[in-house]
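Structural description and commentary
This is what each chain is made of:
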Amino acid sequence: MVEWIDFERDTIVDIFSKMQYEVVGPEALARCLIVYPWTQRYFGNFGNLYNAAAISGNPMVAKHGTTILHGLDRAVKNMDDIKSTYAELSVLHSEKLHVDPDNFKLLSDCLTIEVAAQLGNDFTGEVQAAFQKFLAVVVSSLGRQYH
Amino acid sequence: MTTLTAKDKDAVRTFWAKVSGKEEDIGTDAVARMLAVYPQTKTYFSHWKDLSPSSPSARKHGITVMKGVADAVSKIDDLKGGLLALSELHAFTLRVDPANFKIISHCLLVVLSIKFPNDFTPEVHVALDKFLAALALALAEKYR
């Protein structure tokens, strides 16, 4: 059971209450596909991913980025049991999507960088620590049902 | 690990020109974040009186690390040869587990994202990520 102090809970709720999902989601996924190109293996049917400009302008990438980011909302609302919140999604990513769980960390690093750009100096070291802890719990939960 | 292409090197050098003058702030912020977000990194600094992210020792260390990175940018065409002395230092004296190079690299990228939200594009990000990975490899060269 993950222990959260008040500062961490408040920080996560605050970040997501200010989140511009349609900007940050697409940018985080695009960044992941550009910086770690091997992640493109999961998006063979997304059309043109040939270069950074194509990826950044791809509407399927944008839509999926927004979807992923909204997927985190459930964890924000259930911070005391993220593990069971994502049990089904974990099975999906393992059995159906066959995503190497290492990729979850890559996307979460890109998301951290996008949120940092969005929040600027408000993204202090303490805020970053809380955010990365939250993402680490999400990443761990998503990898839990793999076998 | 892939080598740095001419395009990567250009992107790093061009971006680094923008960093000029802000190195100290960037370095101190990166080390402060490393200590705050990855407390296990504090184990390397048990000789400091004050291990808090904003301590004078942490600030001084941020400046040191950043000077090293800046030096690496100037030696980007031969990181292994150019950083031989630093590699020996990390291998025989500091013995920092190379996993930690990824940590400080990530913290550095977060700081750059905050300070240069418009210039730190995905293309610049990938070039810098590759550069920092190559730098880490050069630093670990003499480990074994």
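Note that residues are indexed from 1 along each chain, following the sequence as it is written. Chain letters start at A and ligand numbers start at 1, both assigned in the order the entries are written. Only residues with pLDDT of at least 70 are given local features in this predicted model, and only at 80 or more are side-chain atom pairs given and counted; all residues enter the totals for whole chains, interfaces and linings. Working from all heavy atoms in the structure, the side-chain values ignore hydrogens and water.

**Observations regarding the overall build of chain A**
Put simply, DSSP H or I for four residues or longer makes a helix, DSSP E for two residues or longer makes a strand, and each gets a number counted from the N terminus. Secondary structure assignment for chain A yields nine helices and zero strands. Across chain A, helices and strands are ordered from the amino to the carboxyl terminus as α-α-α-α-α-α-α-α-α. The globule rule used here is 2.2 Å times the number of residues to the 0.38 power, and the radius of gyration it is set against is calculated over C-alpha atoms. Taking 15 Å as the expected radius of gyration for a compact globule of 147 residues, we find that chain A reaches 15 Å, a close match to that expectation. When the backbone C-alpha atoms are referred to their principal axes, chain A occupies close to 45 × 40 × 20 Å. Between buried and exposed lies partly exposed: a residue is buried under 20% and exposed over 50% of the maximum accessible area for its type, with that area taken using a 1.4 Å probe on protein chains only. Every one of the 147 residues in chain A was classed for burial, and the buried ones make up 48%. Computed with the Shrake-Rupley method and a 1.4 Å probe, the accessible areas treat only the protein chains shown as cover for residues. As presented, chain A carries roughly 7500 Å² of accessible surface, and 55% of it is formed by carbon and sulfur atoms. Between the averaged position of the 12 positive side-chain charges in chain A and that of its 18 negative side-chain charges there is a distance of 6 Å. Neither His nor the chain ends is counted toward charge; the positive residues are Lys and Arg and the negative residues Asp and Glu. All charge positions are set by atom: Lys at NZ, Arg at CZ, Asp at CG, Glu at CD.

**Digging into the interface of chain B and chain A**
Note: interface size is frequently given as the accessible area lost on complex formation between the parts. Residue contacts follow a heavy-atom distance rule, with two residues in contact if any of their heavy atoms lie within 4.5 Å. Between chain B and chain A, the residue contacts involve 18 residues of the former and 18 residues of the latter. The junction of chain B with chain A conceals about 1600 Å² of combined surface from both sides, 61% of it contributed by carbon and sulfur atoms. Should a side-chain nitrogen of Lys or Arg be within 4 Å of a carboxyl oxygen of Asp or Glu, the pair is scored as a salt bridge. There are zero salt bridges connecting chain B and chain A. Any pair of nitrogen or oxygen atoms within 3.5 Å is treated as a polar contact; in protein, a donor-acceptor pairing is required on top of that, and neighbouring residues in sequence qualify only through side-chain atoms on both sides. At the boundary of chain B and chain A, one finds eight residue pairs in polar contact (both at pLDDT 80 or more). Of all the secondary structure elements, the ones that give two or more residues to the side of chain B that touches chain A are helix 2 (23-37), helix 6 (99-115) and helix 7 (122-139) of chain B. Note on terms: buried area is the combined drop in 1.4 Å-probe accessible area of two parts once they are placed together, counting the loss on both.

**Some words on the UniProt feature "domain: Globin" (unreviewed entry) in chain B**
UniProt positions are given in the numbering used here, feature names are shortened, and annotations may be inferred rather than shown by experiment. In the numbering used here, UniProt assigns the feature "domain: Globin" (unreviewed entry) to residues 3-144 of chain B. Between the C-alpha atoms that bound residues 3-144 of chain B there is a distance of 21 Å. The span itself is 69% helix and 0% strand.

**As for the side chain of D73(A)**
All names here are of chain A. Its location among the elements puts D73 in helix 5 (residues 73-77). K77 is the oppositely charged side chain nearest to the buried, salt-bridge-free D73, at an N-O distance of 5.2 Å. Not counting residues up to four positions away in its chain, the partners in contact with D73 are F16 and Y21.

**Considerations on the UniProt feature "domain: Globin" (unreviewed entry) in chain A**
Under the present numbering, the feature "domain: Globin" (unreviewed entry) in UniProt falls on residues 3-147 of chain A. Structurally, residues 3-147 of chain A is divided into 71% helix and 0% strand, and its ends, taken at the C-alpha atoms, are 26 Å apart.

**What about the packing of helix 8 (residues 102-119) of chain A against helix 6 of chain B?**
Interaxial angles span 0 to 180 degrees and are taken between N-to-C directions of axes, which are lines fitted to C-alpha atoms, for helices over the stretch in contact. Across the interface, helix 8 of chain A lies against helix 6 of chain B with an axial gap of 7 Å and an inter-helix angle of 30°. When the axis of helix 8 of chain A is compared with that of helix 6 of chain B, the two are roughly parallel. Both helix 8 of chain A and helix 6 of chain B take part in a crossing whose hand is right-handed. Residues D109(A), T112(A), I113(A), A116(A) and A117(A) of helix 8 of chain A pack against H106(B), L109(B), V110(B), S113(B) and I114(B) of helix 6 of chain B. An angle below 35 degrees is treated as roughly parallel, one above 145 as roughly antiparallel, one from 65 to 115 as roughly perpendicular, and anything else as oblique. Crossings are classed by handedness, with left-handed meaning an anticlockwise turn of the near helix from the far one by less than a right angle and right-handed meaning a clockwise turn.

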